Amino acid sequence: MGLFEQISDDIKAAMKARDKVRLETLRNIKKVFLEAKTAPGANDTLADADALKIIQKLAKQGKESAATFAQQNRQDLADAELAQVAVIEEYLPKALTEEEIECKVKEIITSLGATSMKDMGKVMAQASKAMAGSADGRAISAIVKRLLS
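Procedures and definitions
Residues numbered from 1 in each chain as written. Predicted model: local features only at pLDDT ≥ 70, side-chain atom pairs only at ≥ 80, totals over all residues. Heavy atoms only, no water. Axes fitted to C-alpha atoms, helices over the stretch in contact; angles between N-to-C directions. Helix = DSSP H or I, 4+ residues; strand = E, 2+ residues; numbered from the N terminus. Parallel < 35°, antiparallel > 145°, perpendicular 65-115°, else oblique. Left-handed = near helix turned anticlockwise from the far one by under 90°. Contact = heavy atoms within 4.5 Å. Nonpolar A, V, L, I, M, F, W, Y, C, P; charged D, E, K, R; others polar. Core = buried A, V, L, I, M, F, W, Y, C linked by side-chain atoms within 4.5 Å. Buried < 20%, exposed > 50% of the residue type's maximum accessible area, 1.4 Å probe, protein only. Expected span 1.5 Å × (residues − 1). Phe/Tyr/Trp six-rings, centres within 6.5 Å; stacked < 30°, edge-to-face > 60°. Lys NZ or Arg CZ within 6 Å of the ring centre and 35° of its normal. Salt bridge = Lys/Arg side-chain N within 4 Å of Asp/Glu carboxyl O.

A.B. asks: Sorry if this is basic, but what is going on with the packing of helix 2 (residues 20-37) against helix 3 (residues 48-71) here?
C.D. replies: Contact geometry for helix 2 and helix 3: axes closest at 10 Å, N-to-C directions at 130°. In terms of orientation, helix 2 lies oblique with respect to helix 3. Pair helix 2 / helix 3 crosses with right-handed handedness. On helix 3, the residues that touch N28, I29, V32, F33 and A36 of helix 2 are A51, I54, I55 and L58. Along the lines of polarity and charge, the residues of the contact of helix 2 with helix 3 split into eight nonpolar, one polar and no charged.

Structure follows, in structure tokens:
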């Protein structure tokens, strides 16, 4: 079962459980999925890799919104955003630890024969592809910079 179908099934379960936060969040995810499926050139399909990118983007947006609300002393809104982010993150793969990211980046640097910051683009492209969905781009970038300099 793909992510799209799983979200649809979970919407039904959230309705039966009368879980408003979960239901609202899942409906929002499904709306974005449907928009992506019907976008020009999408051929009315949504691959799981694309769905995963959408879910990551929604989680990131939710965290940023919560931080903004917290800065503006609107903890009630920040808590609501974070509750939705918690639901969204259930559909993301387990995040890698900093040590795991560093280990994978070292392997990539060795395989590419990278030696200096000039090779950062090649290393980042490979690392981002290898750890898509399980590591944040900023964390990967910071580790690549540290290891190459």
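A.B. asks: Would you mind showing me how to read the packing of helix 1 (residues 3-17) against helix 2 here?
C.D. replies: The axes of two packed helices give the description: the angle between them and the distance between them. Orientation of helix 1 relative to helix 2, taken along the N-to-C sense of each, is 150°, at an axis distance of 9 Å. The orientation of helix 1 with respect to helix 2, classified from their angle, is roughly antiparallel. For the element pair helix 1 and helix 2, the recorded crossing hand is left-handed. Contacts from L3, F4, I7, S8, D10, I11, A14 and M15 of helix 1 reach helix 2 at R22, L23, L26, R27, I29, K30, F33, L34 and K37. Here the contact of helix 1 with helix 2 is composed, by residue class, of 11 nonpolar, one polar and five charged.

A.B. asks: How should unusual backbone geometry be read in this particular structure?
C.D. replies: Across the chain, the bulk of peptide bonds are trans and the bulk of non-glycine residues have phi less than zero. Phi is positive for R18, close to 55°, though the residue is something other than glycine. Considering the arrangement of structural elements, one finds R18 in the loop between helix 1 and helix 2. Its identity as a non-glycine residue notwithstanding, N73 has a phi of 55°, on the positive side. Here N73 lies in the loop between helix 3 and helix 4 (75-89).

A.B. asks: Would you mind showing me how to read the nonpolar core here?
C.D. replies: One broad trend across soluble globular proteins is that nonpolar side chains are buried collectively. I7, L26, I29, F33 and I55 are the most contacted members of the largest nonpolar core, which totals 20 residues. Sorting the residues of this core by element identifies helix 1, helix 2, helix 3 and helix 4 as the ones contributing at least two each.

A.B. asks: What is the right way to read helix 3 from this model?
C.D. replies: For an α-helix, the turn length of 3.6 residues means that residues three or four places apart are oriented alike. Between the first and last C-alpha of helix 3 there are 35 Å, a value that for 24 residues agrees with the 34 Å anticipated at 1.5 Å per step. Listed in full, the buried residues belonging to helix 3 are A51, I54, I55, L58, A59, G62 and A66. Where helix 3 is buried, its residues contact helix 1, helix 2 and helix 4. Count one or two residues on from helix 3 and you reach N73, which has phi positive near 55°.

A.B. asks: I tried to follow the packing of aromatic side chains on my own but got confused; where do I start?
C.D. replies: Any two aromatic rings considered together are summarised by their centre-to-centre distance and by the angle between their planes. Per the counting criterion, the structure on display carries one aromatic pair. Measuring from ring centre to ring centre gives 6.2 Å for F4 and F33, while their planes differ by 35°; the resulting arrangement is tilted. Of the two residues, F4 is situated in helix 1 and F33 in helix 2; the sequence distance between them amounts to 29 residues. Its relative accessible area of 0% is what places F33 among the buried residues. Sitting over the face of the ring of F4, K37 holds its NZ or CZ atom 4.1 Å from the ring centroid.

A.B. asks: How should I be thinking about the environment of P93 in this particular structure?
C.D. replies: Structurally, P93 is set in the loop between helix 4 and helix 5 (98-112). Along the primary structure P93 and T115 are separated by 22 residues, whereas in three dimensions their C-alpha atoms are 31 Å apart.

A.B. asks: So what exactly am I meant to see when it comes to the pattern of salt bridges here?
C.D. replies: Any two side chains of opposite charge can pair, on the condition that their charged atoms come close. Under the definition given, this model contains eight salt bridges. Between E35 and K31 there is a salt bridge, with its nearest N and O atoms 3.6 Å apart. In this pair, E35 and K31 are both assigned in helix 2, four residues apart and thus about one turn of the helix distant. Between R146 and E102 there is a salt bridge; the shortest N-O distance is 3.2 Å. You can see R146 sitting in helix 7 (residues 137-148) and its partner E102 sitting in helix 5, a full 44 residues away along the chain. Among the charged side chains, a network of salt bridges with common partners joins E98, E102, K106 and R146.

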